[in-house]
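# Secondary and tertiary structure notes
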Amino acid sequence: MNTAGHPEATARRGLELTPFRGLRYDPDRVGSLAAVTSPPYDVVVRPDGLHHLQDADPHNIVRLILPQADTPAARNEQAAKTLRHWLSEGVLTTDPEPRLYVYEQRDDEGMLQRGVIGALRVSDPSEGLVLPHEDVMPHIVADRAALMRATSANLEPLLLTYRGDGTPADTASVIERTIDGPPLLATTTEDGFSHRLWAITDPTDLAGIQSDLARRQALIADGHHRWATYRRLRAEHGSPSPWDHGLVLLVDTARYPLRVRAIHRLLHTLPVPDAVAALDGLFRVRRLEVPRAEALGALADAACAGNAYLLAGDGAFHLVDRPDPDLLARTVPTDRPTAWRTLDATVLHSTLLAHVWHVPEDDPTRIAYIHDTAATVKKAERDGGTAVLMHPVREDVVRDLARQGVTMPRKSTSFGPKPASGLVLRTLDA
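What this report covers is the structure whose coordinates are included nearby.

## Topic: the overall build of the protein chain
Helices and strands together make up the secondary structure of the protein chain, namely 16 helices and 21 strands. The C-alpha radius of gyration computed for the protein chain amounts to 22 Å, which stays within 12% of the reference 22 Å derived for 430 residues, consistent with globular compactness. Structurally, the protein chain occupies a C-alpha span of about 65 × 50 × 45 Å along its principal axes. Within the protein chain, buried positions represent 55% of all 430 residues. Across the protein chain, contacts joining residues at least 24 apart in sequence account for 79% of those joining residues at least 6 apart.

## Topic: empty space enclosed by the protein
Counted by the stated rule, this structure contains three cavities of 30 Å³ or more. Estimated volume of the largest cavity: approximately 130 Å³. The wall of the largest cavity is formed by 14 residues, among which D42, D222, G223, H224 and K411 lie closest to the centre. In terms of residues, the lining of the largest cavity owes the most to one element, helix α9 (residues 224–237), which gives three residues. Tallied by class, the residues present in the lining of the largest cavity amount to three nonpolar, five polar and six charged. Considered as a void within the structure, the second largest cavity measures approximately 70 Å³ in volume. Lining the second largest cavity are R144, L147, M148, N154, L155, E156, R226 and Y230. Looking at the lining of the second largest cavity, the elements with two or more residues in it are α6 (138–151) and α9. If one sorts the elements of the lining of the second largest cavity by residue count, α6 sits on top with three residues. Of the residues that constitute the lining of the second largest cavity, the class distribution is four nonpolar, one polar and three charged.

## Regarding the packing of α6 against α9
Two elements in contact, α6 and α9, have axes separated by 9 Å at closest approach and are oriented at 60°. In terms of axis orientation, α6 runs oblique to α9. In this structure, α6 meets α9 at a crossing whose hand is right-handed. Two secondary-structure elements touch here, α6 through I140, V141, A142, R144, A145, M148 and R149 and α9 through H225, R226, A228, T229, Y230, R232, L233 and E236. Tallied by class, residues from the contact of α6 with α9 come to eight nonpolar, two polar and five charged.

## Remarks on the environment of T386
Tracing the backbone shows T386 in strand β19 (residues 386–389). The class of T386 is buried, set by a relative accessible area of 0%. Along the primary structure T386 and D165 are separated by 221 residues, whereas in three dimensions their C-alpha atoms are 44 Å apart. Beyond its immediate sequence surroundings of up to four residues, T386 is in contact with R265, L266, L267, L270, P271, V272, A275, L311, A312 and A380.

## Focus: the pattern of salt bridges
Note that side chains of opposite charge can pair when their charged atoms are close. With the rule as written, the count across this model stands at 35 salt bridges. With a closest N to O distance of 3.1 Å, D321 and R286 form a salt bridge. On the criterion of sequence distance, the pair formed by D321 in strand β17 (residues 317–321) and R286 in strand β15 (residues 284–288) is long-range, its members being 35 residues apart. Measuring nitrogen to oxygen at the nearest pair gives 3.0 Å for the salt bridge that ties R399 to E395. Highlighted residues: R399 and E395, both in helix α16 (residues 395–403), separated by four residues, approximately one helical turn. E395 carries the same exposure label as R399, and that label is buried. Through salt bridges with shared partners, a single network forms among R24, D95, E97 and R99.

## Points about the sheet that holds strand β18 (residues 367–370)
Strand order across the open sheet formed by six strands is β15-β17-β16-β19-β14-β18, with antiparallel pairing between neighbours. Edge positions in the open sheet fall to β15 and β18, since each of these has one partner strand only. Going from strand to strand, the sheet's axes swing by 25° on average, the running direction of each strand aside. Relative to β17, β15 runs antiparallel, the two being bridged by five bridges. Opposite R287, over in β17, you have H318 as the bridge partner.

## Let's talk about unusual backbone geometry
In the segment running from S239 into P240, the intervening peptide bond is cis, with an omega of 0°. Mapping P240 onto the fold places it in the loop between α9 and β12 (245–252). The peptide bond linking G416 to P417 adopts the cis configuration, its omega dihedral lying at 5°. Within the secondary structure, P417 sits in the loop between β20 (414–416) and β21 (426–427). At R322, a residue that is not glycine, the phi angle is positive and equals roughly 50°. Within the secondary structure, R322 sits in the loop between β17 and α12 (325–331). Phi at H358 takes a positive value of approximately 55°, unusual for a residue other than glycine. Along the polypeptide, H358 turns up in the loop between α14 (344–357) and β18. With relative accessibility at 54%, the residue H358 sits in the exposed group.

Each value, and the rule that gives it
- Residues numbered from 1 in each chain as written.
- Predicted model: local features only at pLDDT ≥ 70, side-chain atom pairs only at ≥ 80, totals over all residues.
- Heavy atoms only, no water.
- Helix = DSSP H or I, 4+ residues; strand = E, 2+ residues; numbered from the N terminus.
- Rg over C-alpha atoms; globule rule 2.2 N^0.38 Å.
- Buried < 20%, exposed > 50% of the residue type's maximum accessible area, 1.4 Å probe, protein only.
- Contact = heavy atoms within 4.5 Å.
- 1 Å grid on protein atoms, 1.4 Å probe; cavity = no way out; pocket = protein on both sides within 12 Å on 5 of 7 lines; lining within 4 Å.
- Points joined across faces, edges and corners; volume = space filled by probe spheres on them.
- Nonpolar A, V, L, I, M, F, W, Y, C, P; charged D, E, K, R; others polar.
- Axes fitted to C-alpha atoms, helices over the stretch in contact; angles between N-to-C directions.
- Parallel < 35°, antiparallel > 145°, perpendicular 65-115°, else oblique.
- Left-handed = near helix turned anticlockwise from the far one by under 90°.
- Salt bridge = Lys/Arg side-chain N within 4 Å of Asp/Glu carboxyl O.
- Pairing = 2+ DSSP bridges.

Structural data, given as structure tokens:
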């Protein structure tokens, strides 16, 4: 039975966030804190980005979250060896006592995000406490699980959201009191975001946060594969064990709204002319000889009226919209809510990928999922493939579907800003 929206389920046992002894870089042992951080592993998709991060500092966290070697087993052993080496040399040090961490991100465009980092009790979907909104790809879960087993660590936090009620005793209020004190660290990364981290050790504040979160339900904003990995590893190790908990960042989006952006698709082996030709009579296609920003504006306008996409890779943009209703009736499953059936990602996966272009959604040799718009277009143009640019989904649509127990197609959304990897890690006993 789906208990995602059942009030008694969440009242019986809510979110359980536990303090832990964080593992952090010693700023005296690295070039700079900014130089050792990285975006989450699944954002670092291009070799040039990976090499840039590796070159930024010999201790960049990417050497743990995306180790490089000839085989998966060798990669994971390399990460474990690197972690042991950094611990023995004092590059990474463990904080002296368990604590929760306040984490702040801010950019020069007015974006401000604050949340609390801790070890969250891993729960089953039937408990309705941590709501996924996307499906996962088994091979990625297997890859992340192998890395976590090898390193016996949570190397980067998931991003979870919840809705606070704005009372003086809620978690966001504790956060705002905490930031009046000096931070443990402060740095600015090359993307322009400033990052600050504080410790919460006061027993009253810790108890207040735990009491508040015990009444909450969380949505996975970023990290579905890592949450699925936490669940797999908890099952493997049994309870009780340190694997009962996983590293997360919890953000109250009633206080600090997130940005929601799209994740684009790159079809490696499908040239744009072939992609466009296959749509004849099924969708309306218009060629746009305009700059990318203007093309994205046209996509946003078209998305207000129905399903719409931008194809790129041949030096122009092709606006795809107005799907044939009979085609949708034949290809989109009818066993889920209308809000799911009309998602751009649903129509892309169920209709375009499966029935029109015949591209398997989980074959990495045929399709890639890329967050950055410019990078997707550039790679399509370089390799002769097709970039499929998406329009973002509103957060309230994502949350409403998740509460109904309905997952969206994989890689449907990109919530942000995402927490930087490398600011605080969590180790587990083997």
